[in-house]
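# A closer look at the structure
The lines below spell out each chain.
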Amino acid sequence: MTAGEPAGTGAIDGDVRLPPDDTGEALDLPASGLTLTFGFGPSLFRDAEGRDRFGLADRQPEALRDLPHFPGDILDPARSGGDLCIQACADDPQVAVHAVRNLARLGFGTVSVRWSQLGFGRTSTTSTSQSTPRNLFGFKDGTANVKAEETAALDEHVWVGDDDPRAGWLVGGSYLVARRINMTIEVWDRQPLGDQEAFVGRTKGTGAPLSGGEEMSEPDFDMPGSNDQPVIATDAHVRVVHPDVHGGARMLRRGYNFVDGSNALGGLDAGLFFIAYVRDPGTHFVPVQLAMSKSDALVEYLEFTGSALFAVPPGVGPGEHVGQSLFA
Amino acid sequence: MNRTLLALCGATALVATLGACGTESTAPSDTSGDAGDVQALTVDSSADACTLSAAEAPAGTLTFDVTNSGDQVTEFYLLDEDGLRIVAEVENIGPSITRALTVNAPAGSYVTACKPGMTGEGIRGELTVTESDDEVEVSSDEQELVEAAEANYAAYVEDQSAQLLEKTEEFVGLYKDGDDAAARALYPVARTHWERIETVAESFGDLDPLMDAREADLEPGQEWSGWHLIEKDLWPQRAEDYTALTDAERATYADDLLAHTEELDTRVQELTYTVDAIANGSRGLLEEVATGKVTGEEEYWSRTDLWDFRANVDGARVAYEGVQPIVSEKDAELADQLTTRFEELQVLLDAQREGDGFVAYDELTPEQIKEFSDSVNALSEPLSRLTAAVLS
């Protein structure tokens, strides 16, 4: 499918007495840059009672544990967790949905779908050649993302190293943290522009830090502002999650905006489907999320409604299958 | 618990208002000719001249004592540099009458004009307003409104805090004595006083989590305390496998809540409020309604959300009414809209009254909840423009 090929014998070339192998909605569409990323959740290795499910328990990485409860989490179990995950990304959402739909269909009987989430409008740059897209708060999001060109930073922050003897199969892979973050859109929209910018710590237009410069300028957290307060507020998002206060920890963000219609009160059921790839969630995600839950001004306008962690094995070479290193 | 931290003591950056506003007083000013005040100018408007006492004045609150020495009614205008836009004006100055015009004028070049006979473009001159350290202050009339609003709101908060303390004392006594029915009845009554001043209470970032945290708000390792812990113990029906607190535990949490309420009351006495903080507080309380009360999240165990809803709206309306005279002068349409929409929301609330209080949240139909939500949205939108209107 990543080459633009259909599933099986395709959507229209099979026996007319049989349901088509391929569901057909991607007919005539190009591959659209489709990528498929697979991950394994903690529950694939052990069940809730800690019992070995498939003889893989001795290979469960130390860092692959359910994420802790964070303040403000109101997680929906039906949108959280899971044994396996597939992230399908494409330039055309129809192509991405086609991939997930056909893979799920192939898996019926062996696997079942626990939850899925459709997103749009990638929220972070993953290459220096891209400009930073905006989230549904209207702000550029993911300015400080690790970029594909930063190979040393990728090794340091994204790719799993060989320091866990049980996770040899994961060396060169990564951890995928997924968080469904609802935004209270209507309340946010009533905040004065000056307040919105103060919450984020950046200007809404260019995305420059409030301490000045351009989007990519480093924020100056010590710069004095009015009323004996720093110009970037102490609870500004950019300060609270900045690598400087988290031992230099950075993430490879690859999230999307989502709108799942409206809720019972007529508000948008919308927000950010946060996806980050990190070398170790214990050092690169949990402390950052804790700090955010505790002291980030933005949290007032956020509700965390879904959460999951997966170990993503390294890429598949010719003739290999997904997770070969784990199941070998 | 919520995280709205409204700056109450001037931590909000106030941008000096550029749109100068003028007010005229009908009585002749008795300060004219005070040579010591360089911001007090005199204007002599005659039939063929418009003579100011100075060609320069430092920025700030300028007063023009305009004396009509001609024999026709005159007007005096302060215009922008291009002489097109009226910054402030005083009209209807009869012969030999002096009228004062007060203007918050930032530095810049201005055009002055006397218009004897009220025709034509008038007799024009120039005025340079120079930079000064003087804050751009509001006019004396408005200053009175502002001071009244600030004092009234401080008194309101102190009064609510005192009642909160009194009711909390009574509540924890009942709870410790095991008089659960009476404690349950008093719970929403006492909390009404908290919810009316919730944005103020929440501004104490150390006390709020100890007093008003919900279970889901806790950080790993943080011990739960405060109102909602006791709420759960009094209404354990929705809890799974709940173990009731022992008498000793009850006493601990009850004493703890009372101690924090006393601390809150002490701190509240020290607070002062600016008009923009009051206006922001009004908006903030409606946000509390939108995010916690309409959705039935605040009082998960007791289902007394509508009491809190009403109390938040009370507090928001008191804050609004405090600044309403100022807004009425500056944006009467906004003031009218807000007044109407507060009334409309109140009608919906009153329809759910039961005895001295309100029906339980569970008794509302989805349609009624939606109606509340729509009404809150209808009020919140114009309310989000209140602070700017107050400062304009």
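Conventions adopted
- Residues numbered from 1 in each chain as written.
- Chains lettered and ligands numbered in written order.
- Predicted model: local features only at pLDDT ≥ 70, side-chain atom pairs only at ≥ 80, totals over all residues.
- Heavy atoms only, no water.
- Helix = DSSP H or I, 4+ residues; strand = E, 2+ residues; numbered from the N terminus.
- Buried < 20%, exposed > 50% of the residue type's maximum accessible area, 1.4 Å probe, protein only.
- Areas by Shrake-Rupley, 256 points an atom, 1.4 Å probe, with all protein chains shown as cover.
- Domains from an automatic or database assignment.
- Axes fitted to C-alpha atoms, helices over the stretch in contact; angles between N-to-C directions.
- Parallel < 35°, antiparallel > 145°, perpendicular 65-115°, else oblique.
- Left-handed = near helix turned anticlockwise from the far one by under 90°.
- Contact = heavy atoms within 4.5 Å.
- Nonpolar A, V, L, I, M, F, W, Y, C, P; charged D, E, K, R; others polar.
- Salt bridge = Lys/Arg side-chain N within 4 Å of Asp/Glu carboxyl O.
- Buried area = accessible area lost by both parts, 1.4 Å probe.
- Polar contact = N/O pair within 3.5 Å; in protein donor to acceptor, adjacent residues only side chain to side chain.
- UniProt positions renumbered as here; feature names shortened; annotations may be inferred.
- Core = buried A, V, L, I, M, F, W, Y, C linked by side-chain atoms within 4.5 Å.
- Pairing = 2+ DSSP bridges.
- Disulfide = S-S within 2.5 Å.

Helix and strand content of chain B: 11 helices and 12 strands. Each of the 392 residues in chain B was classed as buried or not, and the buried ones make up 50%. Here chain B displays about 17000 Å² of accessible surface, and carbon together with sulfur accounts for 48% of that area.

Entries for chain B in the domain assignment read domain 1 (22–137) and domain 2 (141–206 + 257–391). For domain 1 of chain B versus domain 2 of chain B, the separation of C-alpha centres amounts to 44 Å.

Another point: the packing of helix H9 (residues 332–350) of chain B against helix H10 (residues 366–383) of chain B. Two quantities define a packed helix pair, namely the angle between the axes and the distance from one axis to the other. Residues and elements named next belong to chain B. Two numbers describe how H9 lies on H10: the axes approach to 9 Å, and their chain directions differ by 160°. By the angle class used here, H9 and H10 are roughly antiparallel. The chirality of how H9 crosses H10 is left-handed. Every residue of H10 that contacts H9 at Leu-334, Gln-337, Leu-338, Arg-341, Phe-342, Glu-344, Leu-345, Leu-348 and Leu-349 is listed here: Glu-371, Phe-372, Ser-375, Val-376, Ala-378, Leu-379, Pro-382 and Leu-383. Grouping the constituent residues of the contact of H9 with H10 by class yields 12 nonpolar, two polar and three charged.

What follows is about the pattern of salt bridges. It is possible for side chains bearing opposite charge to pair when their charged atoms get close. Residue and element names in this part refer to chain A. This model, assessed by the stated rule, comprises 43 salt bridges over all chains. In this structure, Arg-79 engages Asp-260 in a salt bridge whose closest nitrogen and oxygen atoms are separated by 4.0 Å. Of this pair, Arg-79 sits in the loop between helix H1 (42–45) and strand E2 (84–89) while Asp-260 sits in strand E6 (residues 256–262), and the two are 181 residues apart along the sequence. Given the relative accessible area of 26%, Arg-79 is considered partly exposed.

Residues and elements named next belong to chain A. Entries for chain A in the domain assignment read domain 1 (1–39 + 83–114) and domain 2 (70–80 + 121–327). The distance between the C-alpha centroids of domain 1 and domain 2 comes to 28 Å. Across the contact, 10 residues belong to domain 1 and 13 residues belong to domain 2. The largest per-residue losses of area from domain 1 upon contact with domain 2 belong to Phe-38, Gln-87 and Arg-114, which jointly make up 51% of the total buried on that side. Counting across the domain 1 and domain 2 interface gives zero salt bridges. Linking domain 1 with domain 2 are five residue pairs in polar contact (both at pLDDT 80 or more), by the criterion used here. Residue assignment for the side of domain 1 that touches domain 2 shows that the elements contributing at least two residues are strand E1 (35–40) and E2. Tallied by class, the residues present in the side of domain 1 that touches domain 2 amount to four nonpolar, four polar and two charged.

The next thing to look at is the interface of chain B and chain A. Every contact between the two is made by 27 residues of chain B and, on the other side, 23 residues of chain A. Across the interface of chain B and chain A, roughly 1900 Å² is buried in total on both sides, 49% from carbon and sulfur atoms. At the junction of chain B with chain A, the criterion picks out two salt bridges. Viewed at the interface, chain A and chain B are joined by six residue pairs in polar contact (both at pLDDT 80 or more). Elements with a minimum of two residues in the side of chain B that touches chain A: helix H7 (275–293) and H10 of chain B. Looking at the side of chain B that touches chain A, the element that brings in the most residues is H10(B), giving seven residues.

Under the feature "domain: Dyp-type peroxidase N-terminal" (unreviewed entry), the UniProt entry names residues 7–120 of chain A. Structurally, residues 7–120 of chain A comprises 17% helix and 11% strand, and the distance from its first C-alpha atom to its last is 24 Å.

Looking at soluble globular proteins, one finds that nonpolar side chains tend to be buried together. Residues and elements named next belong to chain B. Grouped together as the largest cluster of nonpolar side chains are 120 residues, with contacts concentrated most on Phe-171, Leu-264, Phe-309 and Leu-386. With 12 residues, helix H1 (residues 140–176) is the single largest residue contributor to this core. Those residues in contact with Leu-386 that lie beyond four places of it in its chain are Ala-279, Ser-282, Tyr-320, Val-323, Val-327, Leu-334 and Leu-338. Grouped together as the second largest cluster of nonpolar side chains are 22 residues, Leu-41, Leu-101, Val-103 and Cys-114 included.

What follows deals with the pairing of strand E8 (residues 98–105) of chain B. Residue and element names in this part refer to chain B. Where burial is concerned, most of E8 is hidden: eight out of the eight residues are buried. Where strand E5 (residues 60–68) lies against E8, eight bridges are found, and the strand directions are antiparallel. For Phe-64, the partnering residue across the bridge sits in E8 and is Leu-101.

Here we take up the state of the cysteines. All names here are of chain B. With the rule as written, the count across this model stands at one disulfide over all chains. Here Cys-50 is linked by a disulfide to Cys-114, with a sulfur-sulfur distance of 1.9 Å. For the disulfide bridge between Cys-50 and Cys-114, the dihedral angle about the S-S bond is near 55°, and by the sign convention the bridge is right-handed. Taken together, the residues Cys-50 in strand E3 (residues 50–52) and Cys-114 in strand E9 (residues 108–114) connect sequence positions 64 residues apart. Taking relative accessible area as the criterion, Cys-50 reaches 19% and is therefore assigned buried.

The next subject is the UniProt feature "domain: Imelysin-like" (unreviewed entry) in chain B. UniProt annotation of "domain: Imelysin-like" (unreviewed entry) refers to residues 150–385 of chain B when read in the numbering used here. Regarding residues 150–385 of chain B, the helix share stands at 71% and the strand share at 2%, and the terminal C-alpha atoms are separated by 19 Å.

What follows covers the packing of H7(B) against H10(B). Residue and element names in this part refer to chain B. One way to put it is that H7 packs onto H10 with a least axis distance of 10 Å and a crossing angle of 155°. Taken together, the axis directions place H7 and H10 in an arrangement best described as roughly antiparallel. As H7 runs across H10, the sense of the crossing is left-handed. Taken together, the residues of H10 that come into contact with H7 (itself represented by Ser-282, Arg-283, Leu-286, Val-289 and Ala-290) are Val-376, Leu-379, Ser-380 and Leu-383.

Our focus in this paragraph is the environment of Leu364(B). Residues and elements named next belong to chain B. By the element assignment, Leu-364 lies in the loop between strand E12 (357–358) and H10. Residue classification places Leu-364 among the buried residues on the basis of a relative accessible area of 7%. Taking the C-alpha atoms as reference, Leu-364 lies 64 Å from Leu-41; in sequence the two are 323 residues apart. The residues contacting Leu-364, other than those within four sequence positions of it, are Leu-306, Gln-352, Val-359, Ile-369 and Phe-372.

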